[in-house]
Amino acid sequence: MRQDLAKFEKRRREHAELIDDAVKAFRVTWAGRETRDSRTLAKLLLDPDPNFKPTSRLAASFEHIHAVLWVDESQAQTERLEADITTDITFGGGIVGRSITGDIS
């Protein structure tokens, strides 16, 4: 049981660190408001921050992503996120593989 608890705590800590890195990894630019499905949403552009220093291999992937985020301000919730991988992301030094540049919706 102690091993399971230690694994759970480690995963929780890594998840929290990844969320913190995601907040630091992007420059947020206001792009205005849009109406979708009769609701007004705030539109934000997320571009990689060149000063971001990733703390993990997974966080390093943020350097290759540009995204658009729509937020429902009245509900204080993310409505939609569209992300593009703009450059190749290598895994295992390129030996294991690399991502296909494309659209994530």
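Here, the structure is the one placed above.
Residues numbered from 1 in each chain as written. Predicted model: local features only at pLDDT ≥ 70, side-chain atom pairs only at ≥ 80, totals over all residues. Heavy atoms only, no water.

Glancing now at the nonpolar core. Nonpolar side chains tend to gather and get buried jointly when the protein is soluble and globular. One finds Ala25, Phe26, Leu46, Phe62, Ile65 and Leu69 to be the most contacted residues of the largest nonpolar core, which totals 14 residues. Counting residues per element, the ones that place at least two in this core are strand 2 (39-48), strand 3 (65-72) and strand 4 (77-85). Per element, the largest residue contribution to this core is 4 residues, and it comes from strand 3. Leaving out residues up to four positions away in the same chain, Phe26 has contacts with Leu46, Asp47, Pro48, Asp49, Phe62 and Ile65. (Core = buried A, V, L, I, M, F, W, Y, C linked by side-chain atoms within 4.5 Å. Buried < 20%, exposed > 50% of the residue type's maximum accessible area, 1.4 Å probe, protein only. Helix = DSSP H or I, 4+ residues; strand = E, 2+ residues; numbered from the N terminus. Contact = heavy atoms within 4.5 Å.)

Here Asp72 lies in strand 3. Between the C-alpha atom of Asp72 and that of Lys43, which follows or precedes it by 29 residues, the distance is 9.2 Å. Leaving out residues up to four positions away in the same chain, Asp72 has contacts with Arg39, Leu41, Gln77 and Glu79. Polar contacts involving the side chain of Asp72 include one to the side chain of Ser74, which spans 2.7 Å. (Polar contact = N/O pair within 3.5 Å; in protein donor to acceptor, adjacent residues only side chain to side chain.)

On to the environment of Ala42. Mapped onto the elements, Ala42 comes out in strand 2. Using a relative accessible area of 3% as the deciding quantity, one classes Ala42 as buried. A sequence separation of 29 residues divides Ala42 from Val71, and the C-alpha atoms of the two residues are 5.1 Å apart. For Ala42, the residues in contact, after removing those within four places along its chain, are Trp30, Gly32, Arg33, Leu69, Trp70, Val71 and Glu73.

Looking now at the pattern of salt bridges. Across all of its chains, the model carries 9 salt bridges by this definition. Glu9 is the salt-bridge partner of Arg12, the closest N and O atoms lying 3.3 Å from each other. Of this pair, Arg12 and Glu9 both sit in helix 1 (residues 2-25), 3 residues apart, which is roughly one turn of the helix. The salt bridge involving Lys10 is made with Glu14; its shortest N-O contact spans 3.9 Å. In this pair, Lys10 and Glu14 both sit in helix 1, 4 residues apart, roughly one turn of the helix. Here the residues in one salt-bridge network are Glu34, Arg36 and Lys43, joined through shared partners. (Salt bridge = Lys/Arg side-chain N within 4 Å of Asp/Glu carboxyl O.)

Note that strand 1 (residues 26-36) and strand 2 share 9 bridges and pair antiparallel. Of the residues in strand 2, the one forming a bridge with Arg36 is Arg39. Here strand 1 folds back onto strand 2 in antiparallel fashion, the turn holding 2 residues, of which Asp37 has a positive phi close to 50°. Where strand 2 and strand 3 come together, 5 bridges link them in antiparallel fashion. Bridging across to strand 3, Lys43 finds its partner in Trp70. (Pairing = 2+ DSSP bridges.)

With that settled, consider the side chain of Lys43. Assignment of secondary structure puts Lys43 in strand 2. A distance of 3.1 Å separates the side chain of Lys43 from the side chain of Glu34, its partner in a polar contact.

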